[in-house]
Amino acid sequence: MDALNDIPVQRRPRGAQLTGERILGRVVVVAMNIFLFFFALTAIFPPIWMIYNSLKSSDEFSLSILALPRQPSLYNYEEIFRTAKVYIALANSLYNAVVATAGIIALAFVIGYFLARYQFRGRGIVYGFFLFGLLVPIYGLMVPVFIQFKSIGMLNNHFTLLGPYIAFGLSQAIFLIEGYIRSVPPEIEEAAYVDGASVPDLLLRVVFPICRPIIATAALLAFLATWNEFAFALILLSDDALKTIPLWLNTFQGERTVNYTGLMAALTVASIPVITIYLFFREKIIQGFVAGALKG
């Protein structure tokens, strides 16, 4: 036993152990950054590819879809803005998206608040009704909606798309806002009640400013959904003066050919309003996502 105790034990120096851990940590960080770089590249490359291909001619695009344009030209954009159809489509889409988004947010904010703060008879039925709205496939209702709108004479009007857009976007906005309001301490509202605030004052001056991040997130999702919607606009509208951007984009596709470079330019023009709105409200949108993740 004494002889065994006399054998020296070789131990790894503490400094070497820390150095190995640091190297391993740096390798992991570098690997994660490389993965995130390529992941971000998959999201950034498609719009860049779309933009520089919109500067090509059809012949140059047919030679190579990945190469940069040899002689960049704005011919496709000039052709788009030479006619009034693009302006009409932009105005129609903007009108539908703005009005539908405002209606969705107004209704969802009030309904979400009362679902989050009040216990009343039939609350479970109301909650389940809007939950069912998330489960029903929207495009499975195309035929019933078309038949109903045709029977009451609501086809080809400026307000034709507003009803379906608000109805189909309401459930998602309600659950986002209701979950956010539920996480807000009710003592804030009780203090406002004590100070003599009415229910409208409470909603507009107290609760609404608190909910601005999640409202911005819900508004952006609703705007994107209505701006990009194609199927209901296709079956409910046939008048060229009422067609929206997705329907206008369909005009670049012929029976046997597709004007790809013109379509790229049109897609670039169609994406400008969405990108502009996101740039203006990106901070509120990010706050809404972060708050929803932390409070959920």
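Up top you'll find the structure we're talking about.
Another point: the overall build of the protein. Summing up its helical and strand segments, the protein has 14 helices and 0 strands in all. The N-to-C order of helical and strand elements in the protein reads α-α-α-α-α-α-α-α-α-α-α-α-α-α. About 19000 Å² of surface is accessible on the protein, with carbon and sulfur atoms providing 68% of the total.

Once that is clear, we can look at the packing of aromatic side chains. Throughout the structure, instances matching the rule amount to 14 aromatic pairs. Relative to phenylalanine 208, the ring of phenylalanine 109 lies with its centre 5.3 Å away and its plane at 85 degrees, an arrangement referred to as edge-to-face. Of this pair, phenylalanine 109 sits in helix α5 (residues 85–117) while phenylalanine 208 sits in helix α10 (residues 199–210), placing them 99 residues apart in sequence. For phenylalanine 208, a relative accessible area of 30% corresponds to the partly exposed category. Cluster of aromatic residues (ring-pair linked, three or more members): Tyr113, Phe114 and Tyr118.

Quick look at the packing of α5 against helix α8 (residues 162–182) now. The N-to-C vectors of α5 and α8 enclose an angle of 40 degrees; their axes lie 7 Å apart at closest approach. In terms of orientation, α5 and α8 fall into the oblique class. For the pair α5 and α8, the sense of crossing is right-handed. Here the contact of α5 with α8 is composed, by residue class, of 19 nonpolar, 4 polar and 3 charged.

With that settled, consider empty space enclosed by the protein. Going through the model one piece at a time under the given rule, you end up with 2 cavities of 30 Å³ or more. What the largest cavity holds in volume is close to 70 Å³. By residue class, the composition of the lining of the largest cavity is 4 nonpolar, 4 polar and no charged. The wall of the second largest cavity is formed by Ser93, Asn96, Tyr165, Thr226, Trp227, Glu229, Thr244 and Pro246. Breaking the lining of the second largest cavity down by element, the ones donating at least two residues are α5 and α11 (212–228).

For the rest of this paragraph, the subject is the packing of helix α6 (residues 123–135) against α8. Where α6 contacts α8, the axes come no closer than 8 Å and their chain directions differ by 130 degrees. In terms of orientation, α6 and α8 fall into the oblique class. Along this stretch, α6 crosses α8, giving a crossing that reads as left-handed. Contact with α6, carried on its side by Arg123, Tyr127, Phe130, Leu131, Gly133 and Leu134, involves Leu170, Ser171, Gln172, Ile174, Phe175, Glu178 and Arg182 of α8 and no other residues of that element. Across the contact of α6 with α8, the residue classes break down as 7 nonpolar, 3 polar and 3 charged.

This part is about the environment of leucine 220. Turning to its location among the elements, leucine 220 is positioned in helix α11. Expressed as a C-alpha distance, the spacing of leucine 220 and valine 274, which sit 54 residues apart in the sequence, is 8.6 Å.

This brings us to the pattern of salt bridges. What the rule picks out here adds up to 5 salt bridges. Here arginine 123 makes a salt bridge to glutamate 178, at a shortest N to O gap of 3.9 Å. Taken together, the positions of arginine 123 in helix α6 and glutamate 178 in helix α8 put the pair 55 residues apart, joining distant regions of the chain. The burial state of arginine 123 is the same as that of glutamate 178; both residues are buried. Lysine 243 is the salt-bridge partner of aspartate 240, the closest N and O atoms lying 3.1 Å from each other. According to the relative accessible area criterion, aspartate 240 is exposed, its value standing at 53%. Accessibility expressed as a relative area gives 28% for lysine 243, which makes it partly exposed. Several salt bridges converge on common partners, so that one network encompasses Arg123, Glu178 and Arg182.

A grouping of Val30, Ile34, Phe37, Phe38, Leu41, Phe45, Ile65 and Leu66 is seen on the molecular surface, where their side chains present a nonpolar patch of about 780 Å² in accessible area. With respect to the helices, strands and loops of the structure, phenylalanine 45 is situated in helix α2 (residues 14–53).

Cut-offs used in this document
- Residues numbered from 1 in each chain as written.
- Predicted model: local features only at pLDDT ≥ 70, side-chain atom pairs only at ≥ 80, totals over all residues.
- Heavy atoms only, no water.
- Helix = DSSP H or I, 4+ residues; strand = E, 2+ residues; numbered from the N terminus.
- Areas by Shrake-Rupley, 256 points an atom, 1.4 Å probe, with all protein chains shown as cover.
- Phe/Tyr/Trp six-rings, centres within 6.5 Å; stacked < 30°, edge-to-face > 60°.
- Buried < 20%, exposed > 50% of the residue type's maximum accessible area, 1.4 Å probe, protein only.
- Axes fitted to C-alpha atoms, helices over the stretch in contact; angles between N-to-C directions.
- Parallel < 35°, antiparallel > 145°, perpendicular 65-115°, else oblique.
- Left-handed = near helix turned anticlockwise from the far one by under 90°.
- Nonpolar A, V, L, I, M, F, W, Y, C, P; charged D, E, K, R; others polar.
- 1 Å grid on protein atoms, 1.4 Å probe; cavity = no way out; pocket = protein on both sides within 12 Å on 5 of 7 lines; lining within 4 Å.
- Points joined across faces, edges and corners; volume = space filled by probe spheres on them.
- Contact = heavy atoms within 4.5 Å.
- Salt bridge = Lys/Arg side-chain N within 4 Å of Asp/Glu carboxyl O.
- Patch = residues over 30% accessible without salt bridge, like charges linked within 9 Å, V, L, I, M, F, W, Y side chains within 5 Å.

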